[in-house]
Structures are given as C-alpha cells and as structure tokens.
Amino acid sequence: MKVWVCLLIFSIGHLAIAQNIEIKKIDQKVIIDGKVDDIWSFADSAFNFQQYFPMDTSLAYAQSVAKVLYDDQFIYVLGVMQNPDGDRGYITPSLRRDFFGDANDSFSILIDAFQDNTNAFIFGINPFGVRREGLIANGGSGQGAFSLDWDNKWRGEARQENGYWVAEMAIPLKTLRFSEGQSTWNVNFYRVDSEYAERSTWSPISRNFSIVNLATLREMEWDRPTKKPGSNISFIPYIASGVSKDFQTDEPSETNFDVGFDLKYAVTPGLNLDLTVNPDFSQVEVDRQVTNLDRFEIFFPERRQFFLENADLFANYGNRGSRPFFSRRIGVARDENTGQNLQNPIPVGTRLSGKINNNLRLGFLSMQAGREDAANLPSYNYSVLSLQQKVFARSNVSFLFVNKQTFESESNYDTNLYARWNRTVGVDYNLASADNRWTGKAFYHKSIEEEQPDQSFSTGFEISYGVPKWSWNMTAQSVGENYNPEVGFVRRRDIRQLTNTVRYSFFPKSGGIQRHGPGFDFDMVGNKEFGFLDWDMNILYDINWRSSARFSTRIRRQYTFLFNGFDPSGSGGLALPSGTGYHNNLIIASYNSDQRKLINFRVSTRSGEYFNGTRINLEGSLNFRYQPLGFTSINFAYNRIRLPDPYNDANLFLIGPRFDFTFTKKLFWTTFVQYNTQIDNLNINSRLQWRFAPVSDFFLVYTDNYLATNDEGFINLGPSKSRALVFKLTYWLNF
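Residues numbered from 1 in each chain as written. Predicted model: local features only at pLDDT ≥ 70, side-chain atom pairs only at ≥ 80, totals over all residues. Heavy atoms only, no water.

*Asks:* What is the right way to look at the overall build of the protein chain in this model?
*Replies:* Regarding its fold elements, the protein chain presents two helices and 43 strands. Here the protein chain has a C-alpha radius of gyration of 27 Å; the compact-globule value for 735 residues is 27 Å, and the two agree. Based on the C-alpha atoms only, the size of the protein chain along its principal axes is roughly 75 × 60 × 50 Å. Sorting the 735 residues of the protein chain into buried and exposed places 52% on the buried side. Summed over all atoms, the accessible surface of the protein chain reaches about 32000 Å², with 56% contributed by carbon and sulfur. (Helix = DSSP H or I, 4+ residues; strand = E, 2+ residues; numbered from the N terminus. Rg over C-alpha atoms; globule rule 2.2 N^0.38 Å. Buried < 20%, exposed > 50% of the residue type's maximum accessible area, 1.4 Å probe, protein only. Areas by Shrake-Rupley, 256 points an atom, 1.4 Å probe, with all protein chains shown as cover.)

Here it is as structure tokens:
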C-alpha cells in the first residue's frame, strides 16, 4: 500500500467512529522492515485515537492508525504515527531494550487473549526500532501492575519518514497464551508523543486511570477461530564463570564455573511449564543502594527471569508490607551466627503457571535448595500452590499454599537452627469493578509451624474509588505477633493499621498546568500492649504540568513510638531507649522536571523534626541524555542529622554516578559507581552486554568494593575489600 494512501486514513478517521477491529489471515509472510507494503491494504484499521494526556475529552492531535494481520505463526502489527507539523526529532533514553518513561516516543499494543480484563501482554517499539515487552496484571491498576522484566522472542522494526513514523511487529503466536477456538481477543493500542507531550489510546481511557488500564479494551475479532500454534518449547542454556577475591579475610581467590538451563514448554496454549536445572540466580545488574534510616527490612523487587511470567499469581497476595510469599527468599540462606545472607545453590526447580480455562488460573512452583554448610542449614524444598478463580466482571478469589520443608535428619544440625517445616495458607478476594471505579482486596493468611503459636495470622482489606476529580483509598490490616511466613516478607508484626487518603483534582482548560489539587491522608499503627506505635497526618498538594513535569508536597505531623531501642543517626551510635515516643513536624516534597529535555532532574526532601533532633534530607538524580546512544546520571542522597548529646550526629552521603552507553541495539556498556558513607563503601559495577541473538546475551561484569571514608567533605579511598570478574553466556533456542 502506498504511503499516501496510509496517510489518507488519518483524514478518514476523523469522519467515523472506530469500534472493534478484525484480524484477517494471510497466506504470505510480512517482511518486517518498517515499510508499509501492499499487503497491509488487506488489513482492517484501528483509527480515531483518543487523547489520554493532557486531556481525555477529544481526539488526539497527533493521530495514529494501527493494523493487524496473522498467519499460522505470527500476529503482524502495523502502526503509522502522524506528525501534524511535519518532520521533527524523537526522544529515546538509549538503544537498550525495555525503555521506559512517559516522555519517550513509542507505539504499543496490549493483548488480553482470555478477555478477563485483568492480565495482558504488552509489546512496544519506538521510532529508533528499540523494542520492549512486558506483562500487565491486576487490570493495570496499582503499584507493580506493569512490568518490563519479562523477556521473549519477537521481531520489530521502525522507520522515520517525513511527517510520520512507522512501526512494524511480528509477534509469534507461541509467545502468547490463549485458548483454542477463540473468536475474539481484547486489545488496545497506545502512543506516546514527545513533541506535543501527548499520550493517546485507541480505546478511550479516563486520565485518572493508568494508560495500561484493562477495563475498557476493545475487541479484536478473528476471521476464523484460533488454533493451537503447535509445539512450543524453548531451551535456554547458560554458562557462567568467574573469579573473586575477599581481601578482608585474605583467603586465596575463588574461581567458579557453572552450567545450567531453563526449559519452557507450553502444556496448552494457555498453560506454561518451566523447568530449571542449576539456575544461575546471580544478578548481572547490582541492586541500587539506599541510605537505610528505617527500623524495618527494605523490600527489593524480584528480577530473576524464572519467576516473572504470571508472577502476580504468586507475588500479589496480601499487601506490600505483608506478603505470604516472596520469591527472593528462595536461593538465599541466612547465617544466624553472622546475620549475613548467603547465596543458596538450587539444583532443580519447576513451575507450572497460566490459564486452565477462561476463568481459572493455576500457579505451582517447587524448588529444591541445597544444604548450606557454612550456615549449618539443611537442604529445603520450597513449594507453592496458587489458584485464582474469576468472579463477576473483573474480580477474582485466590487461594495460596506455601510449604518450606526439609527431609534431612535433625540429628545432623544445630537444634536451635533446625526447623523441619514452615507453611502458610491464605485466601484473597481481589475487587475490580467493570468500570474500574472501585478496586480493592480483602485477605486472610495464617502461618503454620510444628509448635503452633497463637496470633499467627495476617488479615486486612483495601478499597479504592476513582473518578476524574475525586480519588479515595482506605486500607486496614492486622498482623499477629507470631505470624511467621518464612518464605514471605513481613515488615512489622503485632500491629493493627488503618490508612486513608482522599484527593481532589482541578483540570484547567488552558495554561501549562494539566492537573492540580489538594488532599488529606493519615496512617495509624498500634497494638494492644503499647497503644499507638506510629501515626501521621498529612495535608497534600499535587501539580502536574502538560510538559510531563510533576510536583508533590505534604506537610506532616507524626508520632513514633520505639518499642525497641533505635539509633536514628544510622551510624551505629547510642540508641534511643525503648518505650519512648516522639512527636515531629516535617515537610515532604518532590519535583520531577520535564523528561523531554536532554538534561532533566528529580529532587525530593524529607526534612524537619526528627525523633529528638532535626534532619535535613535531599535526594534525587540529574540525568543527561545523549540520544540515541545513552545517558549519564548521578543519583544522590544527603542526610544531615543533628541529635542532642549523648546521641550521634551524622552526615550521610550516597552518590551514585551511572554511565550507560548503547553503541548499537546489540552492544551495551554500563558502569555504576555507588559511594555510601553509611557503610563506608565505594562500589564499582561495570557491565558489558552483547546481545548476539534475540534474547541471547554475553555478559562481562567487573565489581569492586573499597573501604571509603568521608573526612571533612573529601573521600578517602582505602584498600579494596572485595573484587570479582564474572562472565555469563545465555542462548535462547525455540523448537
């Protein structure tokens, strides 16, 4: 099809109302090169994209057209994105896969094959041909609903033309999960345009929801029922080796060599079996350090590929502060003598997850961890069963069973450390109304041990209501003092908590501000023994600009009760005594600048009264983009803590420059430096990545940790504490 015919569709789109789209079968391959070939004249069109940001009441200014076709192996997607004012530049953070950000030009398709409006795949591409793929859970609402950590094989190209750009994709049917004999799927297309700071969608979405919200998807109608795509087996072997040296113990250097593999097999088009043998769960990208002034454990998200597909089936029970299952517990053993975490070998594991039918999802996981002689711990099996049954329009009821168990004899281990088994059972009800105005959940979980104590439960609920001008959220939970899910994450025990937030938004019809408005919230935590442990009350105000800049502030009055001694300076000084309480006034604020600029920044503060002293806090990042080749950023955190004698004052710095170069779409180099005065450490992590084939990589990673002290504003770099050089090779084979 000629380009001028494709552009004519834009004008036709303004004269008609787009409804569903039909996907037609073709008997020839589509060449994926970003060109609009004649074959696309046979395809149905999705047009009349609706503006989502900054407004949601009109057609998009920069219009787009999407088309779909298929054959026995692929779904083909075409996107043509118009630039009303002619030729211009585009924004990309780099040439690295899985780009992210509201200001980066892109075109994406969302696919909900089971039409549950709850889970979907997303495939996207930008004008430079950089691809991304991910998973959407929980209907696209809430924290963690959108993840780009999932990877799979597919093809995509883009081409920049005068006055428009073209995206072309070939998505293997084997990559998707669906049932045989379906006549319709749910889909949506969306576009992010940097020139006009505009986001638009084919199926309209209210701007108070996420752009990946699944409540209002339209139907894609198949011209004939779907068929099973044939055998679907992926074999992903790896080889890893490295050398490391711990200079603090002065032991000889250690070398290691590991081989293993993952195997993915589609039992049905909707149900996937994963098998892993001797998995390498070391992360080739280091976790970002934080200044820890918290009294409780910090939550780091899961990034390991084996756990990611259908991760919500396992990970979304409870709430962020009380998870009955947390996959990062697997592969990690704790040495109770030293308090250190050790990487735990895993010889084998398996995982079955996906759809049994349109309304029932299954998740089963079993992993065998080896014994840990250094910590005197036996080998444990970790098994998890999750069932999720859809009810009503978009809600579901979920059941969870977690079992951690050893089959080794107690006589071989320290009886104070040995535990034969630990189990957790739970049920969650997840609410999502058809129009997405009401969302929430209710849950009850119980941990079970050999000597079963009382108060071994966690229960709670959450309810949210959202319309364009009003939003309201309330949560409540109660966690027993003996609730002990050993394979879970529990931030605090023996508490009762109630939170409430309400916001109102103004939407100016003109000017640079897109939305602004006030709010009020509170958070109260207590228990029977001490009464109130913590509470805070906040007056809020948020401002969003059409440019994508954002400002948020809250004035807080809070109370903190210490039921254990605590050093608020974070420096290992004298602890404030247990049984004392502190009232504080402080201000919390953040500002994100226009992300479309080559130089942009984020800054935040949490400053004011602090326990029995004061705290000045400043955190943020400064980013410089030299597109399309990459970016340099500097993350920083400064805490100036002043406490009366005899307690410690502290000046805590955390500085993390990052250099990210993407020489091509296949060759990347990232260097991350982290200087943390709280732990007197300077960490260097430098990683070279070569993507020599689709989803197949060679990594070369160098890490170094130095003793580093801050002396009157100068960094004194001491000797190296540890050093390592690691390479890893993975290759993805489809059969």
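*Asks:* It is not clear to me how the pairing of strand β4 (residues 64-70) should be interpreted in this structure. Could you clarify?
*Replies:* The side chains of a regular strand alternate, first on one face of the sheet and then on the other. For β4, a buried count of seven out of seven residues is recorded, marking the element as mostly surrounded by other parts of the structure. Pairing of strand β1 (residues 21-25) with β4, which is carried by two bridges, proceeds in the parallel orientation. Residue pairing for β4: K24 is matched across the bridge by L69. Bridge analysis of strand β2 (residues 44-46) against β4 gives three bridges, and the strand direction is antiparallel. Bridge pairing links A46 to A66 in β4. As judged from the seven bridges shared by β4 and strand β5 (residues 74-82), these two strands associate in the antiparallel manner. In the strand pairing of β5, S64 is matched with M81. Count of turn residues in the β4/β5 antiparallel hairpin: three residues. (Pairing = 2+ DSSP bridges.)

*Asks:* How do you make sense of a nonpolar patch on the surface when you look at a structure like this?
*Replies:* There is a patch of nonpolar side chains on the surface, built from L598, I599, F601, L622, F624, I634 and I655 and spanning about 600 Å² of accessible area. Contributing elements (two or more residues each) for the nonpolar patch: β35 (599-610) and β36 (613-625). Inspection of the secondary structure puts I634 in strand β37 (residues 630-642). (Patch = residues over 30% accessible without salt bridge, like charges linked within 9 Å, V, L, I, M, F, W, Y side chains within 5 Å. Salt bridge = Lys/Arg side-chain N within 4 Å of Asp/Glu carboxyl O.)

*Asks:* Can you walk me through the pattern of salt bridges in this structure?
*Replies:* One side chain can pair with another of opposite charge once the charged atoms of both are near each other. Tallying each qualifying case throughout the model produces 27 salt bridges. Linking E309 and R177 is a salt bridge whose minimum nitrogen-to-oxygen distance equals 2.8 Å. Of this pair, E309 sits in the loop between β17 (271-277) and α2 (312-315) while R177 sits in the loop between β11 (164-172) and β12 (184-193), placing them 132 residues apart in sequence.

*Asks:* Help me out: how do you make sense of the environment of I555 in this one?
*Replies:* Mapping I555 onto the fold places it in strand β33 (residues 550-562). The sequence separation of I555 and S203 amounts to 352 residues, and the corresponding C-alpha distance is 38 Å.

*Asks:* Just to check I follow, could you spell out the confidence of the model for the protein chain for this structure?
*Replies:* It should be kept in mind that the predicted coordinates are not to be read in detail where pLDDT is low. Here the protein chain averages 90 in pLDDT, while 93% of its residues score no lower than 70. Across the protein chain, the secondary-structure element scoring lowest on mean pLDDT is helix α1 (residues 3-13), at 43, and the one scoring highest is β4, at 98. Segment residues 1-16 is flagged for pLDDT under 50; beyond a separation of four residues in sequence, or across chains, it makes 28 contacts in the model. (pLDDT = per-residue confidence, 0-100. Contact = heavy atoms within 4.5 Å.)

*Asks:* Mind showing me how you'd approach the packing of aromatic side chains here?
*Replies:* Counting across every chain of the model gives 38 aromatic pairs. Taken together, a centroid distance of 6.4 Å and an interplanar angle of 25° make the contact between W535 and Y559 stacked. Of this pair, W535 sits in strand β32 (residues 531-545) while Y559 sits in strand β33, and the two are 24 residues apart along the sequence. By relative accessible area, W535 is classed as buried at 19%. Under the relative-accessibility criterion, Y559 is labelled buried at 15%. Summarising the aromatic geometry, the rings of Y591 and F601 are spaced 5.7 Å apart at their centres and angled 45° between planes, so their arrangement reads as tilted. In this pair, Y591 is assigned in strand β34 (residues 580-592) and F601 in strand β35, connecting sequence segments 10 residues apart. Looking at F601, the relative accessible area reads 36%, which means it is partly exposed. (Phe/Tyr/Trp six-rings, centres within 6.5 Å; stacked < 30°, edge-to-face > 60°.)

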